[in-house]
Amino acid sequence: MADVLAAVERESLVRRASEGLAALSFSREDGNRRLEDKEIQSIVHTVENRAYAAASAAATTTTGARERQESIDLYVKMAAGMVLTAAKQGGIAGTQTAREAGQNRTRTDQGSPIRPGVLDLHSDDRYFVDRQRAEELLDRMLREENTFHTVRLSTKGFGEASAVVVAQAFQKHIQTLQRVDISDIISGRHQQEALKVLEIVTMALEGASVKVLNLSDQALGETGIRACATALQNPNIEELYLENIGCSHDACIALRELLAAPEKLKKLQLHNNMTGDEGATELAAIIRRAPNLEHLRITSSRVGEEGGQEIAQALMGSCKLKALDLQDNLLGEATAHLANALLSHPDLEVLNLSYNCMEDEGADALATCLQTGKDRLRELHVAGNDISEDGIRNLAVALGKAPALQMLNFAENALGDSGSLILSSQLFGERCRSLTHLDISSQDPPVTKYGAIAVTRCVASKERFELLEMNGNCIQAEGIELARELLIQSLGNDKCLGSLSENEASDAEEWEDRVVHDISDITDAFLQNFRI
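Residues numbered from 1 in each chain as written. Predicted model: local features only at pLDDT ≥ 70, side-chain atom pairs only at ≥ 80, totals over all residues. Heavy atoms only, no water.

## Examining the overall build of the chain
No. 1: On a plain count of helices and strands, the chain comes out with 20 helices and 17 strands.
No. 2: When the 532 residues of the chain are sorted by exposure, 54% land in the buried category.
No. 3: Within the chain, contacts between residues separated by at least 24 positions form 84% of all contacts whose residues are at least 6 apart in sequence.
No. 4: With the model as given, the accessible surface of the chain reaches about 23600 Å², and the carbon-plus-sulfur share is 45%. (Helix = DSSP H or I, 4+ residues; strand = E, 2+ residues; numbered from the N terminus. Buried < 20%, exposed > 50% of the residue type's maximum accessible area, 1.4 Å probe, protein only. Contact = heavy atoms within 4.5 Å. Areas by Shrake-Rupley, 256 points an atom, 1.4 Å probe, with all protein chains shown as cover.)

## Some thoughts on the packing of helix α10 (residues 249-258) against helix α11 (residues 276-288)
No. 1: The interhelical angle for the contact between α10 and α11, taken along N-to-C directions, is 15 degrees, at an axis separation of 8 Å. Relative to α11, the element α10 lies roughly parallel. Viewed along their axes, α10 and α11 form a crossing whose handedness is left-handed. In this structure, α10 uses H249, C252, I253, L255 and R256 to contact α11, whose residues at the interface are E278, G279, E282, L283, A285 and I286.
No. 2: When the residues that make up the contact of α10 with α11 are grouped by side-chain class, the tally is six nonpolar, two polar and three charged. (Axes fitted to C-alpha atoms, helices over the stretch in contact; angles between N-to-C directions. Parallel < 35°, antiparallel > 145°, perpendicular 65-115°, else oblique. Left-handed = near helix turned anticlockwise from the far one by under 90°. Nonpolar A, V, L, I, M, F, W, Y, C, P; charged D, E, K, R; others polar.)

## Notes on the pattern of salt bridges
No. 1: Evaluated as defined, the whole model comprises 19 salt bridges.
No. 2: In this structure, E193 and R189 form a salt bridge, with 3.1 Å as the shortest nitrogen-oxygen distance.
No. 3: Each of E222, R226 and E257 takes part in one network of salt bridges that share partners. (Salt bridge = Lys/Arg side-chain N within 4 Å of Asp/Glu carboxyl O.)

## A closer look at the environment of M358
No. 1: Among the secondary structure elements, M358 is positioned in the loop between β13 (350-352) and α14 (359-370).
No. 2: Here M358 falls in the buried class, since its relative accessible area comes to 4%.
No. 3: For the pair M358 and T335, spaced 23 residues apart in sequence, the C-alpha separation works out to 5.9 Å.
No. 4: Leave out the neighbours within four places in its chain, and M358 touches G332, T335, L353, A363, L366, V382, N385 and I387.

## Let's talk about the pairing of strand β10 (residues 267-271)
No. 1: For β10, a buried count of four out of five residues is recorded, marking the element as mostly surrounded by other parts of the structure.
No. 2: In this sheet, β10 lies alongside strand β9 (residues 239-243) in parallel orientation, the contact comprising five bridges. If you follow E239 over to β10, its bridge partner there is K267.
No. 3: Following the chain from β9 across α10 to the adjacent parallel β10, one finds a crossover that is right-handed. (Pairing = 2+ DSSP bridges. Right-handed = clockwise from strand over helix to strand, strands pointing away.)

## What to know about the packing of aromatic side chains
No. 1: Across all of its chains, the model carries zero aromatic pairs by this definition.
No. 2: Positioned above the aromatic ring of Y127, the side-chain terminus of K156 is 5.2 Å from the ring centre. (Phe/Tyr/Trp six-rings, centres within 6.5 Å; stacked < 30°, edge-to-face > 60°. Lys NZ or Arg CZ within 6 Å of the ring centre and 35° of its normal.)

## Structural notes on the packing of helix α15 (residues 389-399) against helix α16 (residues 416-427)
No. 1: At a minimum axis separation of 8 Å, α15 and α16 run at an interaxial angle of 10 degrees. It follows from the interaxial angle that α15 and α16 lie roughly parallel. Seen from α15, the contacting residues are E389, I392, R393, A396, V397 and L399; seen from α16, they are S418, G419, I422, L423, Q426 and L427.
No. 2: When its residues are assigned to classes, the contact of α15 with α16 shows seven nonpolar, three polar and two charged.

## Observations regarding helix α13 (residues 334-341)
No. 1: Within α13, the full set of buried residues consists of A334, T335, L338, A339 and A341. Down the axis of α13, the smallest arc covering the buried residues is 160 degrees, so these residues share one side.
No. 2: Elements in contact with the buried residues of α13: α12 (305-315) and α14. (Arc of directions from axis to C-beta.)

## Considering the confidence of the model for the chain
No. 1: Summing up the model confidence of the chain, the mean pLDDT is 86 and the portion of residues at 70 or higher is 85%.
No. 2: A low-confidence stretch, residues 94-108 stays under pLDDT 50, and its non-local contacts, those more than four residues away or across chains, total 30 contacts.
No. 3: The model gives residues 516-532 a pLDDT under 50, and that stretch makes 33 contacts with residues more than four places away or in other chains. (pLDDT = per-residue confidence, 0-100.)

## Digging into the pairing of strand β11 (residues 295-299)
No. 1: Within β11, four of the five residues are buried, which leaves it mostly tucked inside the rest of the structure.
No. 2: As a crossover connection, the stretch from β10 through α11 into β11 is right-handed.
No. 3: Bridge analysis of β11 against strand β12 (residues 323-325) gives three bridges, and the strand direction is parallel. When the sheet's bridge partners are listed, L296 is paired in β12 with L324.

## With respect to unusual backbone geometry
No. 1: The omega angle of the peptide bond from D444 to P445 is 10 degrees, so this bond is cis rather than trans.
No. 2: One non-glycine residue, C357, lies in positive phi territory at about 55 degrees.
No. 3: Here C357 lies in the loop between β13 and α14.
No. 4: A relative accessible area of 41% means that C357 is categorised as partly exposed.
No. 5: The phi angle at E359 is positive, at roughly 60 degrees, despite the residue not being glycine.
No. 6: Looking at where E359 falls in the secondary structure, it is placed in helix α14.

## Some remarks on the side chain of S301
No. 1: You can see S301 is positioned in the loop between β11 and α12.
No. 2: For S301, a relative accessible area of 0% corresponds to the buried category.
No. 3: Ignoring anything within four residues of it in the chain, the contact list for S301 reads L270, H271, N272, N273, M274, T275, G276, D328 and N329.

Okay, here's the thing in structure tokens:
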């Protein structure tokens, strides 16, 4: 960034920041002492160096250079923010004030307590770390040997020089390192340098018994995955996080080729990638070799029906899942195949199939799955799947037999009043007795007072109920008032009723005539119980 900011401009900022910090320190009324001139100079120079390093890191990206004014604005904004922080706190992380001199520090640079064996650099304070700053941040690791088991570098950007310092720190604790989070450490770096940083840092993990590895939030792609080869080839990995890394088909191939011991995996998480059906096929090959896999997440990754079927086939008998999250894909009819595959997973506790176009056919398949011994299921999320009153019939019956179910998310479906009445009839009373959260918000057709009162009556029968979400529907004022009365009468208060800020009561009349009263699942006595 030397061509963006001249030395005279940097000196000007130091001068103005010193004057500003001196004035702020002088006017403090919080009882704390004012900063001395030497402290102010030390703080301001630290601030300027960090702001310059951060702006320099952001001045160039993998797609080219930023506008000069944009880089200058970032430089000034970061410096101003750190000066204000210094004024409020009487100093800034990384500088030694008179108040700190001779004292044993018990907190990290981010203000969180120092924990034995743990180095955590994650914070809201994002900046580029040069070699000198890296030596300061990793000082504890560099001074000790084989005492650290957990390291998180996330939100700090590293170049080649500072990556070498990280590598030295890792090597000093090669026998004890078990949890390594190097997510989001190459932001703003040119591709060539970013790959080199990843290679330096991950090669330093050779020989370590790393059980948890997080490579998330950086533009890896295939070349980035291969740059992390040494880390991925560690035979001890039990948890692997690859969220928001550009995990395309080619990247998934690289992952399948490099992952040395998928049989050790217990948790695999991918999110916000461009995996697609072809990539999902590669992931399915990994799943087939992972008999100990308990937690699987592949969300917002463009997986369609073909990829969903590949994952379903891989799950048949290959492992015993406790949690499956495939939210926000395009699985469609593949949800039925997944439901069938989950028949062999009796220990399933959390299932998220929201926003997957499963529709009524998928709901029926899921109902069949849940009726076959899913006694441990605690959470079910099927929001945004166009499930209507027809799809809810069998599913509601199955859910009524789920003794451990606590959280049920049916938001953004097509239940209307009819579907809400069906659901309520099957969950009422002792059935589904562990329920604490229910979401039927934003239905189309919407829920009116009829469905709202029925659902409220249902949840009011649960002693430990905590949250009912019905926002985004068309519930009349009298329906809301009666719902509150029911909750107060049964639970002692109406605190469990969520926000109704987007409720459209004025549109309720349009839907009242469409309410279905002659539902075979609900007897006249039951409707009378709900005071409808």
